[in-house]
Amino acid sequence: MLAYAARRLLVSLALVWVVATLVFMVIHIIPGDPAELLLAQGGVAPDPWLVTDLREKLGLDQPLMTQYWTYLGGLAQGNFGYSLLDDHSVADEIVLRLPRTLELVGAAALIALLVGLPLGVLAALRAGEMLDRVLSSLAALALSVPVFVVGTLIILVLAQNLRLIPAGGYVALAKDPLRHLGLLLMPAITIAVGLGAVVLRVTRASVLEVLERDHVRAAQARGVSVAAIIRRHVVRNALTPVVTVVALHLGALLGGTVLVEFVFNWPGVSGYLVRSVESRDYPEVMGIVLVISALFVLLNFVVDLLYAVIDPRVRHG
Amino acid sequence: MRPDKLRRLALPAALAGVILLLALAAPLLPLPDPVTQDINHRLAGVSPGHWLGQDEYGRDVLTRLIWGARVSLTVAFSATLIAAFAGTLLGILGGYFRGLVEIGTVRMAEIVLCFPPMLLALLVVTLLGPGAGTLIFTLAVLFTPTFARVAYAETLSVRALDYVTAQEALGARSGRILLRTLLPNIAPPLIVQVSLTVAAAMLLESGLSFLGLGVVPPDPSWGLMIRGARTTMEQAPLLLLWPCLALTGTVLVLNLLCDRLRNALDPGTGGKSRPGFLRRLAVLAGVAEQPEAVPGLLAVRNLTLEIQGPTGPVPVVRNVNITLAPGDTLAVVGESGSGKTLTGLAVMGLLPAAVRVTSGKILYTGRDGRTRDLLRLPERALRALRGRDLAMVFQDPASSLNPLLRVDTHLAEALRAHGQRQGIAARVVELLRNVGLPDPASRARSYPHELSGGQRQRVMIAAAIANHPRLLLADEPTTALDVTVQAQILDLLAALKRSEEGMGMVFVTHNLAVVAEIADRVAVMYAGEVVEEGPVAEVFAAPRHPYTAALIASTPEGDAERLSAIPGRVPQAWAMPEGCRFAPRCDHARAICTQVAPVLEAPAPGRATRCLRWKELA
């Protein structure tokens, strides 16, 4: 198990390095002078003085390898560069905001699993019946509603029309725990709608497949109760594909936070990202994209460990 | 492609067509200009010229919805087509040349997948600035790797096809063959991927536009419209609703189209969900208690089973009668498809959902001396018998053990299911020792994949006898095992018969050599019917049915000088011959055999045969 974990960790670290390198490369791959591109406003050629200045600020006047080493060296020390606008440290801002985004993602994943898994199992056990058809149609609908539409409609109905909840915002957990969770709930549910539908669908398909396996019938032949068979022989065996698909959707999930934080004014790292993109503050954008992408890779590492926990055969590789 | 699958495709395809047509025809429709403002009528409600009202700049909402579709679909389709072309090309190149080219194409493209798509899009937007061109470029880059993967996988599988390899060995220009084989194979997954990608691209495009980082105003886009309507949602909530509906509806239609396309292109069952093993079977009507029945151990009476065929119900087991006394072993013999396994499963109440019991009785006399009809016993009561009175060992021990559970869990749950609470761990080790598993204490802690095939079957047998069953059904328990292991498992079963007092056994097999070794009586099944039954020694010495005789002659044991295979094959359940079912393959068949269906007759006490000519042939 330990050897397996170590091997997966090494692969993940290598991937983080690849991601970092790619983020570094983007500005050089894009055709055109990046400094000019960044300063261009609707086709008007920017002031050459400003271009030279920006080029110097971004270190684009240095040889490529020098830039790369400076960049990697900075990353190793936790330095993600400085904002073009006010020179504040990107790393500081990320450290402040990242926990809020992670909290949102965690809450959303939790809700999605708590709702999607049992409903998926239920739909599979009632396959072809009314309940299954209703659940499957709901899942298809939930999968098709863009996350920002869900958020906007929730605000329109619950906050605007019914005045049940505030339209968004944030209060620190230490300040007012109840209000904090109250404000967390709506954005978390918004993200969970799509993810929960994915979980439901995969769970249903996976459970249906497991239900046809011989070991289920063998357990029945031993007289094991239906509830115990579902718990021990069906759901557990059906989990691996669910974990895989949730992992595949982590990227969309992290992307979804960008929109949801924007809609609900949740001051996480993604909302910060949108502002940075608007002001075209490249070092900020680069830092955030790098951190979230690295996080994405590391989350996939956690998923790999989960496989080994679920399936003993994986541990022996 | 099956017609019902095509029919299911019609609705989403038609809807997608309508949306596409509206978007294409937008400039031709008699609509106001989508960007002309009319500040005096901002947020105006529905009016004759404006069916859906006017937005925050007084522009016509319906016009902007239709033009928005045009913009959104243009971006989504352009990006998808570029990605499909580039990705497929990369995938084919990578899959064809492998090696360095593969690293340079497929693996390079896959690096993109390390990023959450939204974030990579934002990174590019920061550099290039928002706009439709940036969107198309970004989305194309994001979706290229998925296409590359699809094409790569297909290329690899086509390359491995026998005739492609053969052509290459003959020196044919392999590139051309590959393409000719590949293109038809690759089209279905690509079509599905395209519709999937268009929907995903629309979602990303609208999301970015919603953030103000996608399509640039004043161009209409659904994402932008939702963004604009958000600010005025207090005064005009409907303005928010229309673009939300348009966007969700379009994505829904595309997703539906994709689902059904996948179904239609899938040669398999087409996503028709089967209920699996846990579905309760209908219990036959009537009372289970049979006080006037003669107590024995097991008596199957006139059992008939049906499956739903393409043209109607088809009997797969017909009028089967089997009797088993306590302590006896009955071998049920027959070729694949003779219905012997289904008969065994019917006794356990574990028939697959597709199989229906139409008539008959399965009488079982319990420990309390009362005889019940298992076919009429409620599921709850039957479950109490399963694993305690009735136990079953299945054909393939590898798939019959849950790979995620340790060996001891399988045994412990059998004990716990029937009320044992204490001393379970000790009993598990004892059981494993009884079935001859070496080092039972540590084997109990191992997982099924750590055991050999023979050891796994020993574990299955241990779980089956955990509660001292009165009837053990063994369904071809040695078929999946190596020949040397087969003998060991047979020895084990024979030994268990001696140690488990009074346990009756039904041994389902296609191997006559095994029958002689283990059974007291034998029932020969053919095409869903019992054709001969009797004590093993008598049946082997003087078979009273030509099929039994042919089976004995085709067994590679004993002193037969040459093996004779039985010509022809078992008829399909829906194409049963009239008269004797074995007549088409029978050397002794006469005209009468194809006209009159034989009934079971008793050629001697304790024996039965289903042959019209047994007297002449004896």
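Residues numbered from 1 in each chain as written. Chains lettered and ligands numbered in written order. Predicted model: local features only at pLDDT ≥ 70, side-chain atom pairs only at ≥ 80, totals over all residues.

Looking at the overall build of chain A
- Across its full length, chain A holds 13 helices and 0 strands.
- Order of helices (α) and strands (β) in chain A, N terminus to C terminus: α-α-α-α-α-α-α-α-α-α-α-α-α.
- Over its C-alpha atoms, taken along the principal directions, chain A stretches across nearly 80 × 55 × 40 Å.
- Each of the 317 residues in chain A was classed as buried or not, and the buried ones make up 41%.
- Restricting the contact set of chain A to residue pairs at least 6 apart, pairs at least 24 apart contribute 71%. (Helix = DSSP H or I, 4+ residues; strand = E, 2+ residues; numbered from the N terminus. Buried ≥ 20, exposed ≤ 12 C-beta atoms within 10 Å, placed from the backbone. Contact = placed C-beta atoms within 7 Å.)

Examining helix H4 (residues 117–128) of chain B
Residue and element names in this part refer to chain B.
- Between its terminal C-alpha atoms H4 stretches 17 Å, which fits the 16 Å expected from 12 residues at 1.5 Å a residue.
- Across the 12 residues that make up H4, a large majority, 12, are buried.
- One or two residues past the end of H4 sits Gly129, with phi positive at roughly 80 degrees. (Expected span 1.5 Å × (residues − 1).)

Some details on the sheet that holds strand S3 (residues 329–333) of chain B
Residue and element names in this part refer to chain B.
- Strands sit in the order S6-S7-S8-S3-S9-S10-S11 across an open sheet of 7 strands; the sheet is mixed. Two strands close off the open sheet at either side, each with one partner strand: strand S6 (390–393) and strand S11 (608–609).
- Pairing of strand S9 (residues 521–526) with strand S10 (residues 529–535) involves 6 bridges; the strand directions are antiparallel. Each bridged residue has a counterpart across the sheet, and for Val524 the counterpart in S10 is Glu532.
- Across the sheet, helix H20 (residues 546–553) is in contact with S3, S9 and S10; its angle to S9 comes to roughly 105 degrees. (Pairing = 2+ DSSP bridges. Axes fitted to C-alpha atoms, helices over the stretch in contact; angles between N-to-C directions.)

Re the packing of H4(B) against helix H5 (residues 132–159) of chain B
Residue and element names in this part refer to chain B.
- The N-to-C vectors of H4 and H5 enclose an angle of 145 degrees; their axes lie 10 Å apart at closest approach. The hand of the H4/H5 crossing is right-handed. Contact with H4, carried on its side by Pro117, Leu120, Ala121, Val124, Val125 and Leu128, involves Thr134, Thr138 and Leu142 of H5 and no other residues of that element.
- Looking at the contact of H4 with H5 residue by residue, the classes come out as 7 nonpolar, 2 polar and no charged. (Left-handed = near helix turned anticlockwise from the far one by under 90°. Nonpolar A, V, L, I, M, F, W, Y, C, P; charged D, E, K, R; others polar.)

Concerning the interface of chain A and chain B
- In this assembly, 70 residues from chain A lie in contact with 65 residues from chain B.
- At 13 residues, helix H10 (residues 226–264) of chain A tops the list of elements feeding residues into the side of chain A that touches chain B.
- For the side of chain A that touches chain B, the per-class residue count stands at 46 nonpolar, 13 polar and 11 charged.

Observations regarding the pairing of strand S8 (residues 504–509) of chain B
All names here are of chain B.
- S8 sits mainly inside the fold: 6 of its 6 residues count as buried.
- Of the two faces of S8, the one lined by Gly504, Val506 and Val508 and the one lined by Met505, Phe507 and Thr509 are each fully buried.
- Examined bridge by bridge, S3 and S8 share 5 bridges and lie parallel to one another. Counted as the bridge partner of Ala331 is Phe507 from S8.
- Strand direction decides the pairing type here: strand S7 (residues 471–475) and S8, joined by 5 bridges, are parallel. Bridge assignment links Ala474 to a residue of S8, and that residue is Phe507.
- On the question of chirality, the crossover connecting S7 to the parallel S8 by way of helix H17 (residues 483–499) is right-handed. (Right-handed = clockwise from strand over helix to strand, strands pointing away.)

Notes on the sheet that holds strand S2 (residues 313–324) of chain B
Residue and element names in this part refer to chain B.
- A sheet is described by the order of its strands in space; here 4 strands give the open sequence S2-S1-S4-S5, paired in antiparallel fashion. For this open sheet the edge positions go to S2 and strand S5 (371–373), each flanked by a neighbour on one side alone. Taking each pair of neighbouring strands and ignoring which way they run, the sheet shows an average axis angle of 10 degrees.

Here's the deal with the environment of B:Gly568
Residues and elements named next belong to chain B.
- The topology assignment puts Gly568 in the loop between H20 and S11.
- Spatially, the C-alpha atom of Gly568 lies 24 Å from that of Ala331, the residues being 237 residues apart in sequence.
- Leave out the neighbours within four places in its chain, and Gly568 touches Pro584 and Arg585.

Comments concerning the packing of helix H7 (residues 147–161) of chain A against H10(A)
Residue and element names in this part refer to chain A.
- Here H7 crosses H10 at 20 degrees, and the two axes come no closer than 9 Å. Classified by the interaxial angle, the pair formed by H7 and H10 is roughly parallel. Of the two elements, H7 crosses H10, and the hand of that crossing is right-handed. Contact residues: H7 offers Val147, Phe148, Gly151, Thr152 and Ile155, while H10 offers Gly256, Leu259, Val260, Val263 and Phe264.
- For the contact of H7 with H10, the class distribution of residues is 7 nonpolar, 3 polar and no charged. (Parallel < 35°, antiparallel > 145°, perpendicular 65-115°, else oblique.)

Let's talk about unusual backbone geometry
- Notably, A:Asn265 is not glycine yet its phi reads approximately 55 degrees, a positive angle.
- Tracing the backbone shows A:Asn265 in the loop between H10 and helix H11 (269–278).
- For A:Asn265, a count of 14 C-beta atoms within 10 Å corresponds to the partly exposed category.
- Its identity as a non-glycine residue notwithstanding, B:Asn319 has a phi of 50 degrees, on the positive side.

Points about the confidence of the model for chain B
- Averaged over all residues, the pLDDT of chain B equals 84, while 94% of them reach at least 70.
- Highest mean pLDDT in chain B belongs to S6(B) (94); lowest belongs to helix H6 (residues 162–169) of chain B (72). (pLDDT = per-residue confidence, 0-100.)

Here's the deal with the environment of B:Gly309
Residue and element names in this part refer to chain B.
- The topology assignment puts Gly309 in the loop between strand S1 (298–308) and S2.
- On the basis of neighbour counts, which here come to 14 C-beta atoms within 10 Å, the residue Gly309 falls in the partly exposed class.
- For the pair Gly309 and Leu252, spaced 57 residues apart in the sequence, the C-alpha separation amounts to 35 Å.
- Discounting residues that sit within four places of it in the chain, Gly309 has contacts with Val314 and Trp574.

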